[in-house]
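The lines below spell out each chain.
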Amino acid sequence: MSNIEVLDDAGVRIICFNRPEKRNALSLDMYQQLTEYLIEGEANNDIKVFMLCGENQCFTSGNDIRDFISNGDLGPSHPAVRFLFCLLELKKPMVAAVSGSAVGIGTTLLLHCDLIYADPTAQFQLPFVNLALVPEAGASMLLPQLVGYPKAAELLLLGEPFDAHTAHQLKLINEIITPDALHSHTLSVAHKLARQPAGAVQLTRQLMRSNRNRLQHQMYLELEHFGSQLKSEEARARFSAFLNKT
Ligand code: COA
């Protein structure tokens, strides 16, 4: 069984996180597969829309914390770095269905999605500073723009979890859907989007995301600090505390 499940359905490439024993934490292999599925989907004329979701009533608990310990070098070929820059380059729209935990990159990747639905069990969290790290995926720029500086500072500096209702109030998600209907609702919206004229969809998306160059610069800055913090004593202590449940 793969930890990333993929199904192409009427123009929609559904990509599902599936690593139940680690709450769908993203391993290096999973980043690698995600990126390949996105790159292949971008080049495939039959695919119009990407849809992200998680199995086992969980979206993803974020980067695998064990990999934070073992893989300090964040060069351009690092699987997580490739995935982040692939998100930045994405031309086709992406929708997401969020159930359960959406931690770290589980929340920041939503800033690169176009339509996001969550059920009432969704719990978002940006615990980068809690782990003695800094935000990634351009969240240090995109989040203040989206929710305003004071709220972004609260979410990023205190790193506490917040629920679907708060995420909706903050305009991080489009709508809260009941757990039973979340997948089918998100898929039906994705199908609707897939039937729209593809060229106009991609151009409109590109126009709405016209800060791409500035965002790319911010992502490089984030990575630089992320890389040095990864090696810091304060971060190593936090990783050990999580893994040893202390
Ligand atoms: N990386 C590695 N392992 C993880 C993980 C992660 N991001 N998230 C969860 N796990 C593992 C736990 O270590 C545990 O493994 P074990 O059974 O071998 O001890 C297992 O998944 C279950 O996790 P647990 O914490 O017991 O589940 P929970 O339902 O009580 O809590 C979360 C779920 C997602 C709230 C909690 O696991 C969590 O906060 N994870 C860390 C998230 C994080 O900080 N991500 C990085 C952001 S930059």
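Residues numbered from 1 in each chain as written. Predicted model: local features only at pLDDT ≥ 70, side-chain atom pairs only at ≥ 80, totals over all residues. Heavy atoms only, no water.

A. Focus on the pairing of strand E4 (residues 94-98). With five of five residues buried, E4 lies mostly within the body of the structure. The side-chain alternation of E4 yields two buried faces, one formed by Met 94, Ala 96 and Val 98 and the other by Val 95 and Ala 97. The pairing of strand E3 (residues 49-54) with E4 spans three bridges and is classified as parallel. Opposite Leu 52, over in E4, you have Ala 96 as the bridge partner. Of the pairings in the sheet, the one linking E4 to strand E6 (residues 115-118) comprises four bridges and is parallel in character. The residue of E6 that forms the bridge with Ala 97 is Tyr 117. (Buried < 20%, exposed > 50% of the residue type's maximum accessible area, 1.4 Å probe, protein only. Helix = DSSP H or I, 4+ residues; strand = E, 2+ residues; numbered from the N terminus. Pairing = 2+ DSSP bridges.)

B. Summary view of the site of the ligand. Taken together, 17 residues lie around the ligand, and Lys 22, Arg 23, Ser 61, Ile 65 and Lys 245 are the ones closest in. At a separation of 3.0 Å, a nitrogen atom of the ligand approaches a polar backbone atom of Asn 63. A distance of 2.9 Å is found between an oxygen atom of the ligand and a side-chain nitrogen or oxygen belonging to Lys 245. About the coverage of the ligand: the protein hides 70% of its 870 Å² of free accessible area. Because more than half of its atoms lie within 2 Å of the grid, the ligand is assigned to the largest pocket. If you list the elements that add at least two residues to the shell around the ligand, you get helix H2 (65-70) and strand E5 (101-103). (Near = heavy atom within 4 Å. Polar contact = N/O pair within 3.5 Å; in protein donor to acceptor, adjacent residues only side chain to side chain. Areas by Shrake-Rupley, 256 points an atom, 1.4 Å probe, with all protein chains shown as cover. 1 Å grid on protein atoms, 1.4 Å probe; cavity = no way out; pocket = protein on both sides within 12 Å on 5 of 7 lines; lining within 4 Å. Sits in = over half its atoms within 2 Å of the grid points.)

C. Examining the pattern of salt bridges more closely. By the definition in use, this model includes eight salt bridges. The partner of Asp 64 in a salt bridge is Arg 19, with the nearest N and O atoms 2.8 Å apart. On the criterion of sequence distance, the pair formed by Asp 64 in the loop between E3 and H2 and Arg 19 in the loop between strand E2 (12-17) and helix H1 (28-43) is long-range, its members being 45 residues apart. Summarising the burial analysis for this pair, Asp 64 and Arg 19 share the class buried. As a salt-bridge pair, Arg 209 and Asp 114 come within 3.6 Å of each other at their nearest N and O atoms. (Salt bridge = Lys/Arg side-chain N within 4 Å of Asp/Glu carboxyl O.)

D. How the structure looks around the environment of Ala 25. By secondary structure assignment, the location of Ala 25 is in the loop between E2 and H1. C-alpha of Ala 25 to C-alpha of Gly 104: the two residues are 79 residues apart in sequence and 10.0 Å apart in space. Apart from the residues within four sequence positions on either side, Ala 25 is in contact with Arg 19, Met 30, Thr 60, Ser 61, Gly 62 and Asp 64. (Contact = heavy atoms within 4.5 Å.)

E. Here's a closer look at the packing of helix H3 (residues 79-89) against helix H10 (residues 212-230). Where H3 contacts H10, the axes come no closer than 11 Å and their chain directions differ by 165°. In terms of their interaxial angle, H3 and H10 are classed as roughly antiparallel. Crossing handedness for the pair H3 and H10: right-handed. Listed contacts from H10 to Val 81, Leu 84, Phe 85, Leu 88 and Glu 89 of H3 are Arg 212, Leu 215, Gln 216, Met 219, Tyr 220 and Leu 223. Across the contact of H3 with H10, the residue classes tally to eight nonpolar, one polar and two charged. (Axes fitted to C-alpha atoms, helices over the stretch in contact; angles between N-to-C directions. Parallel < 35°, antiparallel > 145°, perpendicular 65-115°, else oblique. Left-handed = near helix turned anticlockwise from the far one by under 90°. Nonpolar A, V, L, I, M, F, W, Y, C, P; charged D, E, K, R; others polar.)

F. Broad picture of the sheet that holds strand E7 (residues 123-125). The three strands are arranged E5-E7-E8 in an open sheet whose pairing can be described as mixed. Unpaired on one side and paired on the other, E5 and strand E8 (162-163) mark the two borders of the sheet. Sheet analysis places E5 next to E7, joined by three bridges and oriented parallel. Following the sheet pairing, Ala 102 is matched in E7 by Phe 124.

G. Here's a closer look at the nonpolar core. In this structure, Leu 109 and Phe 124 are the most contacted members of the largest nonpolar core, which totals 64 residues. Counting residues per element, this core draws most heavily on H3, at eight residues. Discounting chain neighbours no more than four positions away, the residues touching Phe 124 are Val 98, Ala 102, Thr 107, Leu 110, Ala 118, Glu 160, Pro 161, Phe 162, Asp 163, Ala 164, Ala 167 and Ile 173. Counting residues in each nonpolar core, the second largest holds 17 residues, with Met 51, Ile 177, Leu 187 and Ala 194 among its members. (Core = buried A, V, L, I, M, F, W, Y, C linked by side-chain atoms within 4.5 Å.)

H. Local environment of unusual backbone geometry. Here the phi dihedral of Arg 23 falls at roughly 50°; this positive angle occurs in a residue that is not glycine. Within the element layout of this structure, Arg 23 appears in the loop between E2 and H1. Residue classification places Arg 23 among the exposed residues on the basis of a relative accessible area of 55%.

I. Structural view of H3. H3 sits mainly inside the fold: nine of its 11 residues count as buried. For H3, every residue scored as buried is listed here: Pro 79, Ala 80, Val 81, Phe 83, Leu 84, Phe 85, Cys 86, Leu 87 and Leu 88. The inward-facing, buried residues of H3 contact H1, E4, helix H4 (105-108) and H10.

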